[in-house]
Structure formats: structure tokens, C-alpha cells
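The primary structure of each chain is shown beneath.
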Amino acid sequence: MAWDFETDPQFQRKLDWAEAFVREEVEPLDLIWPHEQFVPPDPPRRAVLDPLKQRVRDQGLWATHLGPDLGGQGYGQLKLALLNEILGRSSWAPMIFGCQAPDTGNAEIIAHFGTEEQKRRYLRPLLDGELFSSYSMTEPQAGADPTRFTTSAVRDGDDWIINGWKFFSSNAATAAFLIVMVVTDPDVGAYHGMSMFLVPTDTPGVRIERNVGLYGEPLDGGAHALIHYDNVRVADSALLGGAGQAFAIAQTRLGGGRIHHAMRTIGLARSALDMMCERALSRETAGSRLSDKQFVQGYIADSYAQLQQFRLFVLYTAWEIDKYNDYRKVRKDIAAVKVVMPTVLHDIAWRAMQVHGALGVTNEMPFFTMIHGAGVLGLADGPTEVHKGTVAKQVLRDYRPSEDLWPSQWIPKKLEAARAKFADYLEHEVGNQ
Ligand SMILES: Cc1cc2nc3c(=O)[nH]c(=O)nc-3n(C[C@H](O)[C@H](O)[C@H](O)COP(=O)(O)OP(=O)(O)OC[C@H]3O[C@@H](n4cnc5c(N)ncnc54)[C@H](O)[C@@H]3O)c2cc1C
């Protein structure tokens, strides 16, 4: 019997340390530098950040999902999930622990598919937190459907020339390099005709036309770049993992990225539930505390149940990734986790907001940011609808159509079969009556 819901005591001590460290040392950064996680730090800021990162390293919690050869502990996804649910409530914590999106996903694919030279040039400094990266896949005319991507790279001697537009390349403005997904062979279709290139952001012809902001951010004051790749020349050595492999690589990257978002979402949703409960116990109206009102009890119970279901599903999926070491085998559950993630965060944050009354909708509480974040989670790394399609297709693989007009569970048919099975007994029974 191998099922086990316990965390080993040694790792639990590390989690306890992380819990206190994030609360006392990292969460204050969310307030003083709320939007600057991906801005390369100047020396005074490094004087604050570097010692915090060092303390994480001293605890052996830096980039825990990576193997020792890459500076991590090889803890795998399950332990990362337990850690990430602590980090998820702080926007700075993933950075301080070396596991922030989109860099983790980008690091993972360079680790898997990169040449030694690519690892030396990009992976090491990325893992050391020395530089940032951006993933440049979505195009203005096409996001969810990669078969509609048109940005291309064509051969020119030993080089490639990239032309086209990319949209929503997060953090491109502060990234040192871009991982660009382009069409290299239009004749064989998107799944085998696209490739990925590692392109330094300062390569001539890489032009950020706009930095699109999310709701609440100023126009052109955001982090999601519209990029024009205008005759960008790169050497063959910029190719990641071989020509035609982009789609397979993207699955690795996006699979990891999606589950990491889910791990952090547990932490965020839990913090909303914590605030909801505190408020319910603190506020009195119409003769009793909010916690005594049945509607509010319903909010709390529904939120707790939703969070527990989600958390166990995420932990199980992380366990599966460690077990199979192959994202393709866990595709169904990663997609299903991705589908429920926005709803869980939205619902819990919405109820917490409601329980706080007017204060809940102000910018003095974080609920609307969370609800907006839930909207983002339903789009980034693919829209919910597409993931539902993936789940359904994967689920349906285990089923076969009925062999005749009636469903296999149609009771008259089953009854007939049951009667045939026990015909001798039934005959005997009737004979005795
Ligand atoms: C905050 C944020 C960060 C992002 N970061 C990056 C990044 O770093 N790099 C990058 O390359 N991209 C990034 N993206 C882009 C993201 O991957 C795309 O937004 C996503 O894939 C959807 O593409 P789209 O926006 O073009 O929507 P579309 O593909 O136009 O889809 C629009 C809507 O149509 C519906 N729809 C689409 N397809 C189907 C279908 N098959 N079945 C049913 N309904 C469907 C859905 O309702 C969907 O929301 C980011 C997005 C956000 C919001």
C-alpha cells in the first residue's frame, strides 16, 4: 500500500523555514517593489536581493526542481509543489527561490534540448538569476492555434533569417534573450515544420513595438511585448533542439509552466480563504458575527472544499510527473488542472471580496488583483476551452462506442443478459413455485 499524504519530516522543516522566511523577509518586497521582479536589479537593489537568494541557497531550496548538475537539489515536482504553494502568495518569492515563470519553463527546455554552448551561455546565468528570458510564441493573429503562426526563419548560407510578428512575449523588454517559435518548413505542417531559436534581445532587427499592459496598468506600460522580427539574422547554433522540433519542445515547456502556475495558485487561493475566515470572525452585523451567518458559512465551506480538491489534484499530478518523467503521459491531468485553476482562484477570491464588503473591492485589499489574475490564468499558456478539449479527447481514449443501437448500460439489455446468465437457477426457482 504505497499511498501516502505525509511530508517527510526533514522536508517539512524546510517548508516551515520557507513559510516564515517568505512571510517575514519576502512579502515586504511585494509592497515596496510591486512590479519590478523582472527589472534587472541595480547594485543597491542587489544588496537587498542577493543575500535573500543566498539564504535560500544555504537552505538547499534554490531551484529545487532542477538536478544537482544544474544547481538544484533534484527534489522534483511534488516537493516543488509543496514549496510553490508557499511561494504563490508572494509575487517576489518565486524569484528569490529561483523558480519564477516564465524562466523555469525556459530553463527546463534549454536543460533538456540545449547544446553545451547554449547551456553555458543562457542556462547557467538564467539559473543563477543573473538574467531573464522571454518566450515568444503567440502571434497577433493567432494564439491558441499554432497552425496559424506565420513568423518564419529561412536559410541564408549557414545562418537563418527570422521575419514576422510576435505578441504577448512576457518580459521581453527586460529579458536578455528570447525563445522564438517560427515556421522553418511550411510544407510539412506546424507539428513538424516549426523550430525554436534562442535570440539575444539586442540582435539587430528585434524591435519591441509596444509593451502591452494588463488591466490597471498604463497603456504601453506593461510587460507583454508586441515584437517585430525584421530580418533578424541568427547562426545555426541558435537553433534549439533541431529543426522541426518546436512543437514537441513547446509541449515540454508549457506542461511544466502550467503545473507550476497551479502550484502557486494554491497559495494565492489559500491566502484569500485565510482573509475570508479572519474577516468572518472579526466583523459583527445584524446581531451576530459574519461567521455565524449561513451564507458566509457556505462561502467558507465551498471555498475550503474547492481548495482541497484542487490542491490534492495538483499534488497528484506533480507526483505523476515525477513518476513518469514524461509530460506527455500526464497531459490529461495537467490540462484538467489548468481548466479548474482559474475557477478555483476566481471563486474563492470573489467570496473573500464579498465578505469584506466595500473594503473588499478597494485597492487596499488584494482581491480584485486575484480575480483579474484568475482571468489571466484562463488564457496564458492556452485558453480554458482548448484545455477542456484536450481533457475530453484524452478521457475518450479509454472508451469505445456501443456495439449496437442501445447503450451498453441500457437496463433491458443488461436484464436480458442477467436472465440468460442465471437461466438454470431461474427455471428451477419458477419450477418450485
Ligand atoms: C498574462 C499573459 C501572459 C502571456 N505570456 C505569453 C508569453 O510569454 N509568450 C507567448 O508566446 N504567449 C503569451 N501569452 C499568450 C497566450 O498564450 C495566448 O493569449 C493564448 O494562447 C490564447 O491566444 P489568443 O490570445 O490569441 O486567443 P485566441 O487564440 O484568439 O482565442 C480567443 C478565444 O477563443 C476561444 N477559443 C480559441 N480556441 C478555441 C478552441 N479550440 N475551442 C474553443 N474555443 C476556442 C477561447 O474562448 C479563447 O479565449 C500570454 C497571455 C497572457 C494573458
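Everything in this summary refers to the structure shown in the same document. It should be emphasised that the depicted structure is a prediction, and the values quoted were computed from it without experimental measurement. (Residues numbered from 1 in each chain as written. Predicted model: local features only at pLDDT ≥ 70, side-chain atom pairs only at ≥ 80, totals over all residues. Heavy atoms only, no water.)

### Remarks on the overall build of the protein chain
Right, so step 1: Across its full length, the protein chain holds 14 helices and 10 strands.
Right, so step 2: Reported as C-alpha extents along the three principal axes, the dimensions of the protein chain are approximately 95 × 65 × 45 Å.
Right, so step 3: Buried positions account for 45% of the 433 residues belonging to the protein chain.
Right, so step 4: With the model as given, the accessible surface of the protein chain reaches about 22600 Å², and the carbon-plus-sulfur share is 55%. (Helix = DSSP H or I, 4+ residues; strand = E, 2+ residues; numbered from the N terminus. Buried < 20%, exposed > 50% of the residue type's maximum accessible area, 1.4 Å probe, protein only. Areas by Shrake-Rupley, 256 points an atom, 1.4 Å probe, with all protein chains shown as cover.)

### Brief notes about helix 3 (residues 76-87)
Three or four residues apart is the spacing at which side chains of an α-helix point the same way, because the helix has 3.6 residues per turn.
Right, so step 1: When the terminal C-alpha atoms of helix 3 are compared, their 16 Å separation across 12 residues agrees well with the 16 Å that a helix rising 1.5 Å per residue should span.
Right, so step 2: Along helix 3, the residues that are buried comprise Gly-76, Gln-77, Leu-80, Ala-81, Leu-82, Leu-83, Asn-84, Glu-85, Ile-86 and Leu-87.
Right, so step 3: The inward-facing, buried residues of helix 3 contact helix 1 (9-32), helix 4 (93-96), helix 8 (246-282) and helix 9 (294-324). (Expected span 1.5 Å × (residues − 1). Contact = heavy atoms within 4.5 Å.)

### Examining the site of the ligand
Right, so step 1: As a structural note, the neighbourhood of the ligand is formed by 18 residues, with Tyr-135, Thr-138, Phe-168, Ser-170 and Glu-385 the closest of them.
Right, so step 2: Between a nitrogen atom of the ligand and a side-chain N or O atom of Thr-138, the distance comes to 2.7 Å.
Right, so step 3: Within the complex, the protein chains bury 64% of what would otherwise be the 970 Å² of accessible surface of the ligand.
Right, so step 4: Elements with a minimum of two residues in the shell around the ligand: strand 1 (133-136), strand 3 (159-170) and helix 12 (384-396).
Right, so step 5: Classifying every residue of the shell around the ligand by side-chain character gives 10 nonpolar, six polar and two charged. (Near = heavy atom within 4 Å. Polar contact = N/O pair within 3.5 Å; in protein donor to acceptor, adjacent residues only side chain to side chain. Nonpolar A, V, L, I, M, F, W, Y, C, P; charged D, E, K, R; others polar.)

### Focus: the side chain of Arg-351
Right, so step 1: Inspection of the secondary structure assignment puts Arg-351 in helix 10 (residues 331-355).
Right, so step 2: Buried Arg-351, no salt bridge; nearest opposite-charge side chain is Asp-347, N-O distance 4.1 Å.
Right, so step 3: Leaving out residues up to four positions away in the same chain, Arg-351 has contacts with Met-276, Tyr-299, Asp-302, Ser-303 and Gln-306. (Lys, Arg positive; Asp, Glu negative; His and termini not counted. Salt bridge = Lys/Arg side-chain N within 4 Å of Asp/Glu carboxyl O.)

### Digging into a nonpolar patch on the surface
Right, so step 1: The grouping of Met-1, Trp-3, Phe-5, Leu-312, Tyr-316 and Trp-319 at the surface amounts to a nonpolar patch, some 810 Å² of accessible area in total.
Right, so step 2: Inspection of the secondary structure assignment puts Trp-319 in helix 9.
Right, so step 3: Exposure remark for Trp-319: the relative accessible area of 39% places this residue in the partly exposed category. (Patch = residues over 30% accessible without salt bridge, like charges linked within 9 Å, V, L, I, M, F, W, Y side chains within 5 Å.)

### Quick notes on the pattern of salt bridges
Think of it this way: side chains of opposite charge can pair up when their charged atoms draw near.
Right, so step 1: On inspection of all chains with the given rule, the structure shows 21 salt bridges.
Right, so step 2: Here Glu-24 ties to Arg-23 by a salt bridge, and the two come within 3.8 Å at their closest N and O atoms.
Right, so step 3: A salt bridge links Glu-27 to Arg-89, with the nearest nitrogen and oxygen atoms 2.5 Å apart. In this pair, Glu-27 sits in helix 1 while Arg-89 sits in the loop between helix 3 and helix 4, placing the two residues 62 residues apart along the sequence.
Right, so step 4: We classify Glu-27 as partly exposed; its relative accessible area is 22%.
Right, so step 5: Among the charged side chains, a network of salt bridges with common partners joins Glu-19, Arg-23, Glu-24, Glu-27 and Arg-89.

### Details of the nonpolar core
Right, so step 1: Core analysis: the largest hydrophobic core is formed by 90 residues, its most contacted members being Ile-96, Phe-97, Ile-179 and Met-196.
Right, so step 2: Ranked by residues supplied to this core, first place goes to helix 8 with 14 residues.
Right, so step 3: Residues within four places of Ile-96 in sequence aside, it is in contact with Phe-21, Val-26, Leu-29, Leu-49, Leu-52, Lys-53, Val-56 and Trp-62.
Right, so step 4: Listed in part, the 17 residues of the second largest apolar core include Ala-153, Ile-162, Phe-197 and Tyr-229. (Core = buried A, V, L, I, M, F, W, Y, C linked by side-chain atoms within 4.5 Å.)

### Here's the deal with unusual backbone geometry
Right, so step 1: In this model, Ala-101 is joined to Pro-102 through a cis peptide bond whose omega is 0 degrees.
Right, so step 2: For Pro-102, the location among the structural elements is in the loop between helix 4 and helix 5 (103-113).
Right, so step 3: A positive phi angle, near 55 degrees, is found at Asn-231, a position not held by glycine.
Right, so step 4: Relative to the helices and strands, Asn-231 resides in strand 7 (residues 224-235).
Right, so step 5: One non-glycine residue, Ala-286, adopts positive backbone phi at about 45 degrees.

### Remarks on the packing of aromatic side chains
Right, so step 1: Enumeration according to the criterion identifies 14 aromatic pairs in this entry.
Right, so step 2: The interplanar angle of 70 degrees and the centroid separation of 5.1 Å between the aromatic rings of Phe-11 and Tyr-75 together place this pair among those described as edge-to-face. Of this pair, Phe-11 sits in helix 1 while Tyr-75 is found in the loop between helix 2 (43-58) and helix 3, placing the two residues 64 residues apart along the sequence.
Right, so step 3: Take Phe-11: its relative accessible area is 3%, and that puts it in the buried class.
Right, so step 4: Linked through ring pairs, Trp-3, Tyr-316 and Trp-319 together constitute an aromatic cluster.
Right, so step 5: In this structure, Lys-166 packs its charged tip against the face of Phe-149, placed 4.7 Å from the ring centre. (Phe/Tyr/Trp six-rings, centres within 6.5 Å; stacked < 30°, edge-to-face > 60°. Lys NZ or Arg CZ within 6 Å of the ring centre and 35° of its normal.)

On their own, these measurements won't tell you what the molecule is for.
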